[in-house]
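# Structure assessment
The lines below spell out each chain.
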2 protein chains.
Amino acid sequence: MRESYHDELDQIGATLVELTQYVATAMVSASTALLETDLDSAQAAIAGDHRVDDLRTGVEERCFMLLARQQPVAGDLRTITTALATAADLERMGDLAVHIAKVARMRYPSAAVPAEVRPSLEQMGLLAARLSVKVGEVIEGRDVPLARELEAEDDLMDALHRELFSILLADSWSHGIEPAIDVTLLGRYYERFADHAVLVARRVIYLVTGVWPEEVGAKVG
Amino acid sequence: MRESYHDELDQIGATLVELTQYVATAMVSASTALLETDLDSAQAAIAGDHRVDDLRTGVEERCFMLLARQQPVAGDLRTITTALATAADLERMGDLAVHIAKVARMRYPSAAVPAEVRPSLEQMGLLAARLSVKVGEVIEGRDVPLARELEAEDDLMDALHRELFSILLADSWSHGIEPAIDVTLLGRYYERFADHAVLVARRVIYLVTGVWPEEVGAKVG
């Protein structure tokens, strides 16, 4: 019984890693859709979301079954409650990728964003995709040093986000209100995506070390 | 033992209701800060957030303790996992109220928003406060009919949100980009606040009826 129990825990971890791969793929497609005005990529990001939702539901069902049947305590209980929270964050990251793809789709065949914000958004997209891949590695290896690195990457996302606002607010912005609204929302989606990635990494740190990393309030907000 | 166990479950429910009251208060203060350019209200909303965080942590600790010690099954297990998810939603609603208060504080002593968007934002603020109060009633009474009503209120929030965009995009908008960015983000905060309220209501429906309400995908997105 114990053995199949730990098999189940391993399976939950593997599904979470699989979830990060789907989320990373969705983010790559969404950013491609946005920057290359590519409708197929937008549709791919949007259509793939049901798979993220299904995997999240699968993790939840397995966790609830383990909670009900195996009555885990201490470390195992914490592993399961962490998995539940992590699955919720990853699903939300998938939703945010879909939001980005939908902006691209809504404006197609026009480009959704003016040329001067593309370099910033391109970097935000690359960073977001990298964050999802790293989050998979953090989960798979319970890798605390890598989890701490994500913090620094998130600072970079915040800097790119500020850069985006400074472009919108420059006198040279000549595109009016509608693209400014789109860019504001896109910036928010990328920033929230990174916030959720950092939350997942922080939970792994807590799971392994028993100590919650500092300043979480600032990130959660 | 069983008796103290159900006392604990009742206590968790009572704390969730208390959480909704703090969230409603924060939302009222944040909207007041925004519409009346009132710094004290902004500070009150921001300063009160630690109480929301503490209550959420308290719910989590009680839930984990029950999971570890009492090995609940079936309905009780579902009650506890629902409480965990609900507490997370309510904390996020508190965060969103803080975001609104921070926009007001950042622009103080100027008004954060131009006159023509104030009626829409005022209605969004009233609706958001009402949603948090109703969510408390839904949790307290496991009130499925009221939970279903929240759905309709959320449709109203979406309509107000669209109205906000139509004002931003009208030719008569003369305030330039910066207030447009603020209003875009404020609209998003109110909309997300309502989305989380609906999620809490949907979880109560599921808890009581065993059936997840339709179209959740649309709301979660």
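The rules behind the values
- Residues numbered from 1 in each chain as written.
- Chains lettered and ligands numbered in written order.
- Predicted model: local features only at pLDDT ≥ 70, side-chain atom pairs only at ≥ 80, totals over all residues.
- Heavy atoms only, no water.
- Helix = DSSP H or I, 4+ residues; strand = E, 2+ residues; numbered from the N terminus.
- Expected span 1.5 Å × (residues − 1).
- Buried < 20%, exposed > 50% of the residue type's maximum accessible area, 1.4 Å probe, protein only.
- Least-squares fit on C-alpha atoms with pLDDT ≥ 70 in both.
- Contact = heavy atoms within 4.5 Å.
- pLDDT = per-residue confidence, 0-100.
- Salt bridge = Lys/Arg side-chain N within 4 Å of Asp/Glu carboxyl O.
- Core = buried A, V, L, I, M, F, W, Y, C linked by side-chain atoms within 4.5 Å.
- Phe/Tyr/Trp six-rings, centres within 6.5 Å; stacked < 30°, edge-to-face > 60°.
- Lys NZ or Arg CZ within 6 Å of the ring centre and 35° of its normal.
- Buried area = accessible area lost by both parts, 1.4 Å probe.
- Polar contact = N/O pair within 3.5 Å; in protein donor to acceptor, adjacent residues only side chain to side chain.
- Nonpolar A, V, L, I, M, F, W, Y, C, P; charged D, E, K, R; others polar.
- Axes fitted to C-alpha atoms, helices over the stretch in contact; angles between N-to-C directions.
- Parallel < 35°, antiparallel > 145°, perpendicular 65-115°, else oblique.
- Left-handed = near helix turned anticlockwise from the far one by under 90°.
- Arc of directions from axis to C-beta.

### A few points about helix α4 (residues 74–107) of chain B
Look at α4(B): 51 Å from first C-alpha to last across 34 residues, which is about the 50 Å you get at 1.5 Å a residue. In terms of burial, α4(B) is largely enclosed, as 25 of its 34 residues are buried.

### A word on the relation of the copies chain B and chain A
After a rotation of 180° and a shift along the axis of 0.0 Å, chain B superposes on chain A with an RMSD of 0.0 Å. Both copies of the chain, as the preceding transformation shows, are related through a two-fold rotation axis. No C-alpha of chain B lies nearer the rotation axis than that of B:Gln71, which sits 2.7 Å from it. Comparing contact sets, 100% of the residues at the interface of chain B also lie at the interface in chain A, consistent with an isologous, same-surface contact.

### Details of the confidence of the model for chain A
Residue and element names in this part refer to chain A. Across chain A, the average pLDDT comes to 93, with 95% of residues at 70 or higher. The model gives residues 216–221 a pLDDT under 50, and that stretch makes 17 contacts with residues more than four places away or in other chains. Predicted as a complex, the structure gets a pTM of 0.93 and an ipTM equal to 0.90.

### Structural notes on the side chain of B:Thr184
Within the secondary structure, B:Thr184 is located in helix α7 (residues 177–209). Discounting chain neighbours no more than four positions away, the residues touching B:Thr184 are A:Ile181, A:Thr184, A:Leu185, B:Phe165 and B:Leu168.

### Observations regarding the pattern of salt bridges
Summed over the entire model, instances satisfying the criterion amount to 28 salt bridges over all chains. B:Glu191 is paired through a salt bridge with B:Arg188; the nearest N and O atoms lie 3.4 Å apart. Placement of the pair is B:Glu191 and B:Arg188 together in helix α7, with a separation of three residues, close to one helical turn. The exposure classification of B:Glu191 matches that of B:Arg188, with both residues buried. Through salt bridges with shared partners, a single ionic network connects A:Arg130, A:Lys134, A:Glu149 and A:Glu153.

### Re the nonpolar core
In terms of nonpolar packing, the biggest core is built from 147 residues, with A:Leu121 and B:Leu121 touching the most fellow members. Other than its neighbours up to four places away in sequence, A:Leu121 contacts A:Leu34, A:Leu35, A:Val113, A:Leu164, A:Leu186 and A:Tyr190.

### Observations regarding the packing of aromatic side chains
All names here are of chain A. Counted by the stated rule, this structure contains two aromatic pairs over all chains. Ring centres 5.5 Å apart and planes at 70° place the aromatic pair Tyr-206 and Trp-212 in the edge-to-face group. Classification of Tyr-206 by relative accessible area gives partly exposed; the value is 30%. Looking at Arg-78, its charged tip hangs above the ring of Tyr-206, at a distance of 4.9 Å from the centre.

### Quick notes on the interface of chain B and chain A
Listed per partner, the contact involves 28 residues of chain B and 28 residues of chain A. Among the residues chain B hides against chain A, the three largest losses belong to B:Ile177, B:Ile181 and B:Arg188. Together they make up 22% of the total. Where chain B packs against chain A, one counts zero salt bridges. If you look at where chain B meets chain A, you find zero residue pairs in polar contact (both at pLDDT 80 or more). Every element with two or more residues in the side of chain B that touches chain A is listed here: α3 (49–70), α4, α6 (144–169) and α7 of chain B. Among the elements that line the side of chain B that touches chain A, the one with the most residues is α7(B), at nine residues. By residue class, the composition of the side of chain B that touches chain A is 16 nonpolar, six polar and six charged.

### Brief notes about the side chain of B:Lys134
All names here are of chain B. Relative to the helices and strands, Lys-134 resides in helix α5 (residues 118–141). On the accessibility criterion, Lys-134 (17% relative accessible area) is buried. Setting aside chain neighbours within four positions, we find Lys-134 in contact with Leu-146, Glu-149, Leu-150 and Glu-153.

### Notes on unusual backbone geometry
Residue A:Pro109 is bonded to the preceding A:Tyr108 through a cis peptide linkage, with omega at 5°. Relative to the assigned elements, A:Pro109 resides in the loop between α4 (74–107) and α5 (118–141).

### Details of the packing of helix α6 (residues 144–169) of chain A against α7(B)
Between α6(A) and α7(B), whose axes approach to 9 Å, the crossing angle comes to 135°. With respect to each other, α6(A) and α7(B) are oriented oblique. In the crossing of α6(A) with α7(B), the sense of the turn from one axis to the other is right-handed. Contacts between α6(A) and α7(B) involve A:Phe165, A:Leu168 and A:Leu169 on the former and, on the latter, B:Ile177, B:Glu178, B:Ile181 and B:Leu185. A class-by-class count of the residues in the contact of α6(A) with α7(B) yields six nonpolar, no polar and one charged.

### Section: helix α3 (residues 49–70) of chain A
Think of an α-helix as turning once every 3.6 residues; residues three or four places apart then point the same way. Residue and element names in this part refer to chain A. Its 22 residues place the ends of α3 31 Å apart at the C-alpha level, agreeing with the 32 Å of an ideal helix rising 1.5 Å per residue. Within α3, burial applies to Asp-49, Val-52, Leu-55, Arg-56, Val-59, Cys-63, Leu-66, Leu-67 and Gln-70. Viewed along the axis of α3, the buried residues span an arc of 130°, placing them on a single side of the element. Seen from the buried face of α3, the exposed residues on the opposite side, beyond 90 degrees, are Glu-61 and Arg-69. Note on α3: the residue one or two positions beyond its end, Gln-71, has a positive phi of about 45°.

### Looking at the environment of B:Thr82
Residues and elements named next belong to chain B. Here Thr-82 lies in helix α4. Measuring from C-alpha to C-alpha, the distance between Thr-82 and Arg-203 comes to 6.7 Å, with 121 residues separating the pair along the chain. Not counting chain neighbours up to four residues away, the residues in contact with Thr-82 comprise Arg-203 and Leu-207.

### What about the environment of A:Glu214?
Mapped onto the secondary structure, A:Glu214 falls in the loop between α7 (177–209) and α8 (216–220). As for A:Glu214 and A:Arg202, which are separated by twelve residues in sequence, their C-alpha atoms are 9.4 Å apart.

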